[in-house]
Amino acid sequence: MQTYRFNVYGHIVVAERHGSGWRAFLPDNDGKRRPADFVIPDWVTEDGLAQYLEDLFHENATPRNGDVKQLD
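Calculation criteria
- Residues numbered from 1 in each chain as written.
- Predicted model: local features only at pLDDT ≥ 70, side-chain atom pairs only at ≥ 80, totals over all residues.
- Heavy atoms only, no water.
- Helix = DSSP H or I, 4+ residues; strand = E, 2+ residues; numbered from the N terminus.
- Buried < 20%, exposed > 50% of the residue type's maximum accessible area, 1.4 Å probe, protein only.
- Polar contact = N/O pair within 3.5 Å; in protein donor to acceptor, adjacent residues only side chain to side chain.
- Arc of directions from axis to C-beta.

By the naming in an unreviewed UniProt entry, the chain goes by DUF7661 domain-containing protein and is assigned to Pseudogulbenkiania ferrooxidans EGD-HP2.

As structure tokens, then:
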């Protein structure tokens, strides 16, 4: 299982590869993570994750909260 963390316009998104599919998580206030309310399609590659997340969240972005950056 591979795990990728992204800063998506000021919010941390964790994407985990499980076999051929993805699971996405968001951090909760108590430090635990909860499943995200969006789906990352199976066809998205590791190299395309940042662009997919940027496209998905772009309509809610503002100039003050930056870009989509991979954290690790």
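Now that the structure has been shown, the text picks up again.
Asks: Describe in detail the side chain of Glu16, supporting the description with residues and values.
Replies: Locating Glu16 in the fold gives a position in strand 2 (residues 11-18). By relative accessible area, Glu16 is classed as buried at 5%. Polar contacts involving the side chain of Glu16 include one to the side chain of Arg33, which spans 2.7 Å.

Asks: Go over helix 1 (residues 49-57), please, and point to the residues and values.
Replies: Looking at helix 1, one finds that the buried residues are Leu49, Tyr52 and Leu53. One side of helix 1 carries all its buried residues, which in axial view fall inside an arc of 95°.

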